[in-house]
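These are the residues of each chain, in order.
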Amino acid sequence: MPDLTEEVATRPPARGRSGAGGQIVSAALGAAGTILAASFVIFTALSFAPGDPVAQILGAKATDEARAAKRAELGLDDPLLERYWHWLTSALHGDLGVSLTFREDVTSLIGPRLETTFLLVGSAAVLMVTVGILLGSLAGIRPGWRPTITGLAGLGISIPTFVAASALISVFAVKLGWFPTFGAGEGLTDRIRHLVLPAIALSVGFGAYITQITAAAVREEAEKEHVMTSRGRGIPARQIIRKHILRNAALPVMTASGLAVAGLVSGAVVVEQAFAIDGIGSLLVKSTSSKDYSVVLAISLVIVIVFVVVTTIIDVAQVLLDPRERTPR
C-alpha cells in the first residue's frame, strides 16, 4: 500500500488564489517601479537636451543678468537630483508645473486635450480590435479566405499612418465631402463625426497586426490533435470553434490587442498633426519645438503610464485566465 504521507509531501503546491494574488501584487509594484524609473529617465534626458528654455522665454536680446535671474527663479541651476525630487513631490500632489510657453498650469493645459486624445484612441481601439479579431478569426477558420485576408493585413501593416491619413482626407473629406478635414468638433455627436477618419487612419496598421496575430493563433489551435479528435467524433463545428479554438486562442490575441491599444497613444501624435486635432499629441510636438520641458515631461509620462497600465492589466488577466501562469517557479 502506498505511503500517503510521502505522496502528500512530494505533491506540488496547489495553484490557488493565493498564488494569483501574490503575482497580481508583484505586477502592481513592478508597474509603479517602472513608472518611477521612467519619470527619472525622461526628466534627466530633458535636462541634458540641447536648447535653453530661458532663451525661449526672454528672447535673444535678454541680458546675461536677466537670464541668470530667470534661471535662478526657475531652479534650473539646482542639482539634478534636487530638481527631480522637487518635481516628483509636486507631481504626487497634482502639481505638474507651469508651461513656459503658454504661461498656464500644465495640469489644466493638458486636461481637455487628454479627453480628446482618449476619445480618439478609444474609437480607434474599438475599430481595431473588432475588425482585427473578426478578420483574423475568419482567416484562421476558413482556409479559402486566408490568402486574401493575410495579404490585406500585410498591406495594412506596410502603410504608414500619415499616408493613410492623407489618403482618407483626400478621398472622403476633400473629394466626397463626407467628413470634416480637420478639428475635433464640439459636442459628442460632432466629435464622433470629426474623429471617424482619424480613428480609421490610426487603426489601420494596428488592426492589420491584430488580424495577423489572430489568424496565426486560431490556425494553430484549429490544427491541434484534440480539435481533430472532436471533429472525428462528430461534435458540431460551431461548438468546436467556440469552446476549443477561439477560447484557447484568446490569450495571445488579448496580449497583442493590449499592446496595440497602448501603441495607439503614441501613434496619435501623427494623426493629430495630420487632422489638426488639438490633443496631447499635437501639444507634445509644439512643446518640444519650443523647449517647454514641463509639458513635454507631463505628456511623456502620461504615455508611459498608459503603456505600463495596459501591460499590467494584460499580465493580471493572464494570471487570472490561465492556470499555468499561476504555477510556482
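Bear in mind the structure is a predicted one, so any value in this text is a computation, not a measurement.

Cut-offs used in this document
- What you see as residue numbers is a count from 1 along each chain, following the sequence as written.
- A pLDDT threshold of at least 70 governs which residues receive local features in this predicted model, and a stricter bar of 80 or more applies before side-chain atom pairs are shown or counted, although totals over entire chains, interfaces and linings include all residues.
- Computation of side-chain values: all heavy atoms of the structure, hydrogens and water removed.
- Put simply, DSSP H or I for four residues or longer makes a helix, DSSP E for two residues or longer makes a strand, and each gets a number counted from the N terminus.
- Residue exposure (1.4 Å probe, protein chains only): buried if accessible area is under 20% of the type maximum, exposed if over 50%, otherwise partly exposed.
- Any two residues whose heavy atoms approach within 4.5 Å are treated as being in contact.
- A 1.4 Å probe and the Shrake-Rupley method give the accessible areas. Residues count as covered only by the protein chains that appear here.
- We define a nonpolar core as any set of buried Ala, Val, Leu, Ile, Met, Phe, Trp, Tyr and Cys residues linked to one another through side-chain atoms lying within 4.5 Å.
- Only residues whose relative accessible area exceeds 30% and that form no salt bridge enter a patch; like-charged residues are grouped when within 9 Å of one another, and nonpolar side chains (Val, Leu, Ile, Met, Phe, Trp, Tyr) when within 5 Å.
- What counts as a salt bridge is simple: a side-chain nitrogen of Lys or Arg found within 4 Å of a carboxyl oxygen of Asp or Glu.
- As a rule, the C-alpha atoms of each element are fitted with a line to give its axis, helices using only the stretch in contact, and angles between N-to-C directions run from 0 to 180 degrees.
- Angle categories are assigned with fixed cut-offs, so that under 35 degrees is roughly parallel, over 145 is roughly antiparallel, 65 to 115 is roughly perpendicular, and the rest are oblique.
- Residue type decides the class: Asp, Glu, Lys and Arg count as charged, Ala, Val, Leu, Ile, Met, Phe, Trp, Tyr, Cys and Pro as nonpolar, and the leftover types, Gly among them, as polar.
- UniProt positions are given in the numbering used here, feature names are shortened, and annotations may be inferred rather than shown by experiment.
- To estimate how far a helix should extend, the number of its residues minus one is multiplied by 1.5 Å.
- Take the seven residues that end at a residue and the seven that start at it, fit an axis to each, and the angle between those axes is the bend at that residue.
- What makes a crossing left-handed is the near helix being turned counterclockwise from the far one by less than a right angle; a clockwise turn instead makes it right-handed.
- Here a polar contact is recorded for every N or O atom pair within 3.5 Å, except that within protein the pair must consist of a potential hydrogen donor and a potential acceptor, and residues adjacent in sequence are included only if both atoms are side-chain atoms.

Quick notes on the overall build of the chain
Piece 1. Along the backbone of the chain there are 13 helices and zero strands.
Piece 2. Along the chain, helices (α) and strands (β) appear in the sequence α-α-α-α-α-α-α-α-α-α-α-α-α when read from the amino end.
Piece 3. Scored against the burial criterion, the 329 residues of the chain give a buried share of 37%.
Piece 4. The long-range share in the chain, meaning contacts at least 24 apart out of those at least 6 apart in sequence, stands at 71%.
Piece 5. With the model as given, the accessible surface of the chain reaches about 18,400 Å², and the carbon-plus-sulfur share is 65%.

Overview of the nonpolar core
Piece 1. Of all hydrophobic cores here, the largest spans 50 residues; its most connected members are Trp-87, Ile-110, Leu-120, Leu-202, Leu-264, Phe-275 and Ile-299.
Piece 2. Here this core takes eleven residues from helix α13 (residues 293-321), the largest share from any one element.
Piece 3. Those residues in contact with Phe-275, other than ones at most four positions away along the chain, are Ala-165, Ile-169, Thr-181, Phe-182, Gly-183, Leu-197, Pro-198 and Ala-201.
Piece 4. Within the second largest apolar cluster, eight residues are counted, among which are Val-218, Val-227, Ile-240 and Val-253.

Section: a nonpolar patch on the surface
Piece 1. Together, Phe-40, Val-41 and Leu-81 give the surface a local cluster of nonpolar side chains, amounting to about 290 Å² of exposed area.
Piece 2. Among the structural elements, Leu-81 can be located in helix α5 (residues 80-92).
Piece 3. For Leu-81, a relative accessible area of 59% translates into the label exposed.

As for the packing of helix α6 (residues 106-141) against helix α12 (residues 280-289)
Piece 1. Put simply, α6 and α12 touch, their axes get as near as 8 Å, and they point 135° apart. As summarised for this structure, α6 and α12 are arranged oblique, according to the angle between their axes. Here α6 contributes Leu-109, Ile-110, Arg-113, Leu-114 and Thr-117 to the contact with α12, which in turn contributes Ile-280, Gly-281 and Leu-283.
Piece 2. Per-class residue counts for the contact of α6 with α12 are five nonpolar, two polar and one charged.

A look at the pattern of salt bridges
Piece 1. Under the counting rule described, the total for this entry stands at one salt bridge.
Piece 2. Asp-278 is the salt-bridge partner of Arg-113, the closest N and O atoms lying 3.1 Å from each other. Of this pair, Arg-113 sits in helix α6 while Asp-278 sits in the loop between α11 (237-274) and α12, placing them 165 residues apart in sequence.
Piece 3. Residue classification places Asp-278 among the partly exposed residues on the basis of a relative accessible area of 39%.

Some remarks on the UniProt feature "transmembrane region" (unreviewed entry) in the chain
Piece 1. Taking the UniProt record as the reference, the feature "transmembrane region" (unreviewed entry) is found at residues 24-49, 118-140, 152-174, 194-218, 249-275 and 295-321.
Piece 2. Helix makes up 100% of residues 194-218 and strand 0%, and the two end C-alpha atoms of the span are 35 Å apart.
Piece 3. For residues 249-275, helix accounts for 96% and strand for 0%, while the C-alpha atoms at its two ends are 36 Å apart.

Observations regarding α11
Piece 1. Its 38 residues give α11 an end-to-end C-alpha distance of only 46 Å, which falls more than 12% under 56 Å, the value for a rise of 1.5 Å per residue.
Piece 2. Taking the largest bend as the criterion, α11 deviates by roughly 45°, centred on Ala-250, and proline Pro-252 comes between one and four positions later.
Piece 3. One or two residues past the end of α11 sits Ala-276, with phi positive at roughly 50°.

Let's talk about the packing of helix α7 (residues 146-158) against helix α9 (residues 188-222)
Piece 1. It is at 7 Å that the axes of α7 and α9 come closest, and there the two elements cross at 145°. The crossing of α7 and α9 is left-handed. Along its contact with α7, which presents Arg-146, Ile-149, Thr-150, Ala-153, Gly-154, Gly-156 and Ile-157, the element α9 presents Val-204, Gly-205, Ala-208, Tyr-209, Thr-211, Gln-212 and Arg-219.
Piece 2. When grouped by side-chain class, the residues that make up the contact of α7 with α9 number six nonpolar, six polar and two charged.

As for helix α8 (residues 161-175)
Piece 1. Given a rise of 1.5 Å per residue, 15 residues ought to cover 21 Å, and the 20 Å separating the end C-alpha atoms of α8 matches this to within 8%.
Piece 2. In the structure, α8 departs most strongly from a straight axis at Ile-169, where the bend amounts to approximately 30°.
Piece 3. Regarding α8, the residues found buried are Ala-164, Ala-165, Leu-168, Ile-169 and Ala-173.
Piece 4. In this fold, the buried residues of α8 make contact with α9 and α11.
Piece 5. Gly-177 sits one or two residues past α8 and shows a positive phi near 70°.

A few points about the side chain of Ser-39
Piece 1. Considering the arrangement of structural elements, one finds Ser-39 in helix α2 (residues 17-47).
Piece 2. Among the polar contacts made by the side chain of Ser-39, one reaches the side chain of Tyr-84 at a distance of 2.8 Å.

A look at unusual backbone geometry
Piece 1. At Ala-276, a position not held by glycine, the phi torsion is positive, near 50°.
Piece 2. Residue position: Ala-276 is located in the loop between α11 and α12.
Piece 3. A residue is classified by how much of its surface remains accessible, and Ala-276, at 47% relative accessible area, is partly exposed.

What to know about the environment of Gln-212
Piece 1. Tracing the backbone through its elements, the reader meets Gln-212 in helix α9.
Piece 2. Residues Gln-212 and Leu-135, spaced 77 residues apart in sequence, show a C-alpha to C-alpha distance of 8.8 Å.
Piece 3. Residues contacting Gln-212, with those up to four places away along its chain left out, are Thr-150, Ala-153, Gly-154 and Ile-157.

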